[in-house]
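Each chain, written out:
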Amino acid sequence: MKPLSILLLAACALLAQPPQARIKIDTDRRIGEIHPHIFGNFAEHLGRCIYGGIYEEGSPLSDEKGYRKDVMEAVRGLGVTILRWPGGNFASGYNWKDGIGPKDQRPARPDHAWGDIDSNRFGTDEFLQYCERIGVEPYICINAGLGSINEAREWVEYTNESRQTYWADLRRKNGRDKPYNVKYWSLGNEIDGPWQLGHKNAEDYTKFALEAAKAMRRADASIKLVAAGSSNFGPGADWIAWNRVVLERLRGEIDYISLHTYIGNRENNFENFLAASADIDQRIEITEGLIRAALAGRRVTRPIYIAFDEWNVWYRARGGSEFDTGATRLEEKYNFEDALAMGMFFNSFFRHAHIVKMANLAQLVNVIAPIFTNKQGLFLQPIYFPIAEYGKQKGNVALEALVESPKYKAGYRGELGYLDASVTWNAKARALYVNVLNRSASQDITTRIESVEGRLAPLAEFWQMYHEDLKAAHTFGDDRRVRPRTWKEPLKLDRNGFVYRFPKHSLTIVKLALEP
Ligand code: AHR
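The rules behind the values
- Residues numbered from 1 in each chain as written.
- Predicted model: local features only at pLDDT ≥ 70, side-chain atom pairs only at ≥ 80, totals over all residues.
- Heavy atoms only, no water.
- Domains from an automatic or database assignment.
- Contact = heavy atoms within 4.5 Å.
- Buried area = accessible area lost by both parts, 1.4 Å probe.
- Salt bridge = Lys/Arg side-chain N within 4 Å of Asp/Glu carboxyl O.
- Polar contact = N/O pair within 3.5 Å; in protein donor to acceptor, adjacent residues only side chain to side chain.
- Buried < 20%, exposed > 50% of the residue type's maximum accessible area, 1.4 Å probe, protein only.
- Helix = DSSP H or I, 4+ residues; strand = E, 2+ residues; numbered from the N terminus.
- Pairing = 2+ DSSP bridges.
- Near = heavy atom within 4 Å.
- Areas by Shrake-Rupley, 256 points an atom, 1.4 Å probe, with all protein chains shown as cover.
- 1 Å grid on protein atoms, 1.4 Å probe; cavity = no way out; pocket = protein on both sides within 12 Å on 5 of 7 lines; lining within 4 Å.
- Sits in = over half its atoms within 2 Å of the grid points.
- Axes fitted to C-alpha atoms, helices over the stretch in contact; angles between N-to-C directions.

### Some details on the domain arrangement of the chain
Accessible area lost upon the coming together of the parts serves often as the stated size of an interface.
Right, so step 1: Under the domain assignment used here, the chain contains domain 1 (18-29 + 399-513) and domain 2 (35-394).
Right, so step 2: Taken together, the contact between domain 1 and domain 2 spans 39 residues of the former and 36 residues of the latter.
Right, so step 3: Interface of domain 1 and domain 2: buried area, both sides summed, is about 3100 Å²; carbon and sulfur atoms make up 62% of it.
Right, so step 4: For domain 1, the biggest contributors to the area lost against domain 2 are Arg 413, Leu 470 and Phe 476; these three give 21% of the whole.
Right, so step 5: There are 3 salt bridges connecting domain 1 and domain 2.
Right, so step 6: Across the salt bridge formed by Asp 420 and Arg 351, the nearest N and O atoms sit 3.3 Å from each other.
Right, so step 7: Along the contact surface separating domain 1 from domain 2 lie 22 residue pairs in polar contact (both at pLDDT 80 or more).

As structure tokens, this is what we get:
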């Protein structure tokens, strides 16, 4: 037999086999709205995120204010909706008053979180005007480490007060008449972590946070507050106990509790790396349970949601000890498998869309970031593309889909399906988005996708990231290697479903239409 006929026979045999996996969609099984703030980001005074990243005074690439124009364009393309600032660990040693007024008179201060010196030339007004310029909601993290409650209250007065008061007048003197109306504030960063400046136990933290919330709301009653949940998943740390105390003591005052998660492929085991969805799901679900317990039996006037306000892949640029990061401070070079991890995080956020109402990728530029600059320009890292694409689903409703797929043993995490999926629905456009990560390193997976209700239109749109080399990465002048492919394809519909073969180690978004 000729090789071509053998290939044809093999293909026919494969098509005749039942699909290995199934994704069953029902538009009545609604989880919740994909809140636009799930596509948030984070800019910390750390390495080259602010200085040399979003802000570079005197650069031919910057505008008259010092904002890098090429970076702003890339940020817009990323679909960022809300931006957290000024840290991170940096926030716990930051005095916001150093960063206002004439730039040449601002003090340079040592930053004891990252061992840097901050010129303070980028401060509150520069940040808030940057947000206005790029059209995103600002989100400020107060200093709950070395800072005081009154400083936090005064910060709200500076940004939001419309009457003639000392801090509002100072804002006017600094060139800004109209209040900025900053709505989102977090009550500190990772205060449970011993690495944090001004680290506290849960008792001391909640005392501080309760009074800070009261004082800040006296300055502006309309603000939304995020409590610092635990980010300490290390041995011996009891992150559940911290979150329980925070929720019990701060209920009625806070609108969100934060979660942080960084993952890494330290063992160079692709399938285990992408099994981290089990941890993300678990952290969200346990925290949701704690929220329910804290609010049980009470009249809920202020619901509490989860703000997953730091997440990413981060393990290479960590230096010898956690914060000994040298000159390249957290400058991760991302590759194709990291891009797949972006889909994994979003799938988890979407599956919990009823409770996760904010998420912030850490971070925006250079520092563990999708955008990477030098003095001459920038390149887009592979993780940029899934973030930008998933962002198109903001405002959709997440659906609870049945996902059956071949399983694998993911170490201590037990058995997991190779397919990690989420589905969202845009009722107005009658469009379904099926987001599928195939985390098998070696197997394509034939999958039947079916809709319980409504007829599928016969043409589908595909967006896919696939690369033979899991470690393929980008650099300056070469950032087109790991990019998505998009195409339209007629579907071979059988009743109300069709079969698609998801390539090994790939991330695919299938956009389907339901006929009216
Ligand atoms: O994003 C980098 C650092 O990670 C942040 O400063 C801190 O909050 C976290 O530990």
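Having seen the structure, we can now continue with the description.
### Focus on the pairing of strand E19 (residues 419-426)
Moving residue by residue along a regular strand, the side chains alternate between the two faces of the sheet.
Right, so step 1: A large share of E19 lies buried, amounting to 7 of its 8 residues.
Right, so step 2: Here strand E15 (residues 397-399) pairs with E19 via 3 bridges, running antiparallel. Considered in E19, the bridge of Ala 398 is made with Thr 424.
Right, so step 3: With 8 bridges joining them, E19 and strand E20 (residues 431-438) adopt antiparallel strand pairing. Counterpart to Leu 419 in the pairing with E20 is Asn 438.

### Brief notes about the site of the ligand
Right, so step 1: Around the ligand lies a shell of 13 residues, among which Glu 44, Asn 89, Glu 190, Tyr 262 and Glu 310 are the nearest.
Right, so step 2: Glu 310 is positioned with one of its side-chain polar atoms (N or O) 2.7 Å from an oxygen atom of the ligand.
Right, so step 3: With respect to the ligand, the side chain of Gln 363 contributes an N or O atom lying 3.0 Å from an oxygen atom.
Right, so step 4: Protein chains bury 98% of the 280 Å² of accessible surface belonging to the ligand in isolation.
Right, so step 5: Structurally, the ligand is housed in the largest pocket.

### A short note on the sheet that holds strand E1 (residues 21-25)
Right, so step 1: Strand order in the open sheet formed by 4 strands is E16-E1-E21-E25, with mixed pairing between adjacent strands. The outermost strands of the open sheet, each flanked by one partner alone, are strand E16 (402-404) and strand E25 (497-502). Within the sheet, the average angular offset between the axes of one strand and its neighbour, ignoring direction, is 15°.
Right, so step 2: Across 6 bridges, the pairing between strand E21 (residues 445-451) and E25 is antiparallel. Bridge assignment links Thr 447 to a residue of E25, and that residue is Tyr 500.

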